[in-house]
Amino acid sequence: MSLSKSHPLKRLTLLLSLPALLAACALQPALPPAASRLAPSQLGLSDDTAADTAGRAALPRSDWWTELQSPELNALMQRALNEAPSLAQARARIQRAQASIDNAESSERAAIGLGLDAARQRFPEHSVYPPPLAGTLRNTATLQASASYEWDFFGRHQAELNAALGSAQAARADAAAAQLMLSSQLARSYVQLARVLAQRELLARQSAEREQALSLVRQRSQAGLDTAQDLRAAELPIPELRRQALQLDEQADLLRHQLAALSAQPMAALKDLKPALPTTLPLAGEGALGLDLLGRRPDVVAARWRVEAATAQVSSARAQFYPNISLGAFVGFNAIGFDNLLKAGSLQYGVAPSLRLPLFDSGRLRAQLRGSAAEADAAVAAYNSALLEAVRDASDQLRSLRSLQEQKAEQAAAQAHVQAALELARQRHNAGLGNRLAVLNASQSLLQQQRQALDLQAQTIDAQLNLLRSLGGGWTEAKP
């Protein structure tokens, strides 16, 4: 349709907006080049689709902690996910972001209102009111419906909606990141408590054997077979073992407190919790990092959505330079005297198109645009930082896990040698070629190796839990 044949109101609106648009464009400041996001190739992430698919298939479900096969841990985790204040805060942020979306969407719809005003007033004689109104006391009333609609010719409303959508997606990813951090911390504390309790049991055996060895040395010393120096050497480890026992007891209590806090319970609620150390997780796919890391880490996804929201805010700030075109209309009744309000002669109606153009605002819009552009650059920098940290974190966990596997192999070899030495000491003792003290000393070495093996097992599980966290814990982004 040509301009000459269009509706008169639209023709007038467009004619008025064209010169205003040209004037508004001239007011926009020149912005520096926008910051750019790091490319995955700059971080060494593999773009092998087959490898990425295999890596995703190897990861556990989102409830990965069930692989530890501990009903107590499952119950603690369920309570923590339901009751933790940090997750309640994250859910509240999601609701606030959703409200922002609803608010932005409302700008795309017409606003309709209905009003009723009534007053009793005296009309002055020396004013614009003619007789017989002048000098009288009358009732006045207005009953009116109104509607207004603002056309989004320059994309301001859409940009605001895109910013709200980006913020909402970032809030959802933040909530997932908070849940992942909470579940990871709880599972790691649970495993650490199991390690401390297992170490406490081995330490009790070690202390008991040290006491036996001390008793034998004391008897030999009294019989003149050992010197006072031998007796002092046998007494020396006892206080240290007692100190270690006190230290482990303290660690166990602190870990129980931590688990209670994470699961939103009183500090004394878990005083009888005594978990057993689980076996290592059946975790596969510990290979190279791929592009799918960018979509599995909720903190990285949240940072990416903040970039989208900040970019939309720049578009919204830029659209503020353009005209604001809206149309208002009203229909209703206005009368002097309540009895005349609904009569046909009291009917009133009208249409009110409007055009608003910012010409001189003391630099407010230019400053707002520059500020939005700076916020977008900051969001890109935060995304790049989150991406670098994610790659470093996952790479570190993979390296630590490989190192622990190598250490376990070396420790197993050392423990085998100590076990062989203990068996030899027992054989010599049974054959009458050695004394009981040699057996106890060899047993002490074995218990020490067993404590090292226990630590390595716990460290391996902890590293696996850290690896799961660094890879997103099986989380996948929901479609907006």
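Above: the structure in question.
From a predicted model like this one, the values you see are computed outputs, not experimental measurements.

**Student:** What is the right way to look at the overall build of the protein in this model?
**Tutor:** The secondary structure content of the protein amounts to 11 helices and 4 strands. Across the 480 residues of the protein, 38% fall into the buried class. For the protein, contacts bridging at least 24 residues in sequence account for 82% of all contacts bridging at least 6. Of the accessible surface of the protein, which amounts to about 26500 Å², a share of 55% is contributed by carbon and sulfur atoms.

**Student:** What's the story with a nonpolar patch on the surface in this structure? I'm lost.
**Tutor:** A cluster of nonpolar residues, Val331, Leu347 and Tyr349, forms a patch on the protein surface that exposes about 330 Å² of accessible area. Here Tyr349 is to be found in strand β4 (residues 347–356).

**Student:** Can you help me understand the pattern of salt bridges in this one?
**Tutor:** Charged atoms that come close allow side chains of opposite charge to pair. What the rule picks out here adds up to 20 salt bridges. The shortest N-O distance in the salt bridge between Arg304 and Glu477 comes to 2.8 Å. Here Arg304, found in helix α9 (residues 298–319), pairs with Glu477, found in the segment after α11 (436–470); they are 173 residues apart in sequence, far enough to count as distant. Sharing partners across several salt bridges, the network here consists of Arg297, Asp299, Asp393 and Arg469.

**Student:** What am I meant to see in the packing of aromatic side chains here?
**Tutor:** Two descriptors summarise a pair of aromatic rings, namely the distance from one centre to the other and the angle between the planes of the rings. Here the structure, examined in full by the defined rule, presents 6 aromatic pairs. Look at Trp64 and Trp65: their rings are 5.5 Å apart centre to centre, the planes differ by 80°, and that puts the pair in the edge-to-face class. Across the pair, exposure class does not vary: Trp64 and Trp65 are buried alike. Residues Tyr149 and Trp151 carry aromatic rings whose centres are separated by 5.7 Å and whose planes lie at 90° to one another, so their mutual orientation is edge-to-face.

**Student:** I would appreciate a short explanation of the sheet that holds β4 in the present structure.
**Tutor:** Strand pairs in the sheet, formed through backbone hydrogen bonds, run parallel or antiparallel to each other. Within the open sheet, the 4 strands sit side by side as β1-β2-β3-β4. Their pairing is antiparallel. The sheet is open, and its two borders are formed by β1 (111–122) and β4, each paired with just one other strand. Adjacent strand axes in the sheet meet at a mean angle of 20°, parallel and antiparallel pairs treated alike. Bridging between strand β2 (residues 137–151) and strand β3 (residues 324–336) involves 12 bridges; their strand directions are antiparallel. Looking across to β3, one finds that Ala141 is bridged to Ala335.

**Student:** So what exactly am I meant to see when it comes to the side chain of Thr142 here?
**Tutor:** Tracing the backbone shows Thr142 in strand β2. The buried category is assigned to Thr142, whose relative accessible area is 18%. Engagement of the side chain of Thr142 in a polar contact is seen with the side chain of Asn334, the distance being 2.5 Å.

**Student:** How should I be thinking about helix α5 (residues 156–222) in this particular structure?
**Tutor:** In an α-helix, one turn spans 3.6 residues, which is why side chains three or four residues apart end up on the same side. If you check α5, its first and last C-alpha atoms are 96 Å apart, about what 67 residues at 1.5 Å a residue would give, namely 99 Å. Once α5 finishes, Gly224 follows within two positions and takes phi at roughly 80°, a positive value.

**Student:** Help me out: how do you make sense of the environment of Ala39 in this one?
**Tutor:** Tracing the backbone shows Ala39 in the loop between α1 (8–27) and α2 (49–58). A relative accessible area of 29% means that Ala39 is categorised as partly exposed. Between the alpha carbons of Ala39 and Asn384 there is a distance of 9.2 Å; along the sequence they are 345 residues apart.

**Student:** Looking at this structure, I do not really get the packing of helix α10 (residues 364–430) against α11. What am I missing?
**Tutor:** Each pair of packed helices can be summarised by the angle the axes make with each other and by the distance between the axes. At a minimum axis separation of 8 Å, α10 and α11 run at an interaxial angle of 165°. Put simply, α10 runs roughly antiparallel to α11. Crossing of α10 over α11 shows left-handed handedness. Among the residues making up the contact of α10 with α11, the classes are represented as 17 nonpolar, 16 polar and 5 charged.

**Student:** Got a minute to help me understand the side chain of Ser183 in this structure?
**Tutor:** Looking at the secondary structure, you find Ser183 in helix α5. Here Ser183 falls in the buried class, since its relative accessible area comes to 2%. When sequence neighbours within four positions are dropped, the list of residues in contact with Ser183 reads Trp64, Trp65 and Met77.

Thresholds applied
Residues numbered from 1 in each chain as written. Predicted model: local features only at pLDDT ≥ 70, side-chain atom pairs only at ≥ 80, totals over all residues. Heavy atoms only, no water. Helix = DSSP H or I, 4+ residues; strand = E, 2+ residues; numbered from the N terminus. Buried < 20%, exposed > 50% of the residue type's maximum accessible area, 1.4 Å probe, protein only. Contact = heavy atoms within 4.5 Å. Areas by Shrake-Rupley, 256 points an atom, 1.4 Å probe, with all protein chains shown as cover. Patch = residues over 30% accessible without salt bridge, like charges linked within 9 Å, V, L, I, M, F, W, Y side chains within 5 Å. Salt bridge = Lys/Arg side-chain N within 4 Å of Asp/Glu carboxyl O. Phe/Tyr/Trp six-rings, centres within 6.5 Å; stacked < 30°, edge-to-face > 60°. Pairing = 2+ DSSP bridges. Axes fitted to C-alpha atoms, helices over the stretch in contact; angles between N-to-C directions. Polar contact = N/O pair within 3.5 Å; in protein donor to acceptor, adjacent residues only side chain to side chain. Expected span 1.5 Å × (residues − 1). Parallel < 35°, antiparallel > 145°, perpendicular 65-115°, else oblique. Left-handed = near helix turned anticlockwise from the far one by under 90°. Nonpolar A, V, L, I, M, F, W, Y, C, P; charged D, E, K, R; others polar.

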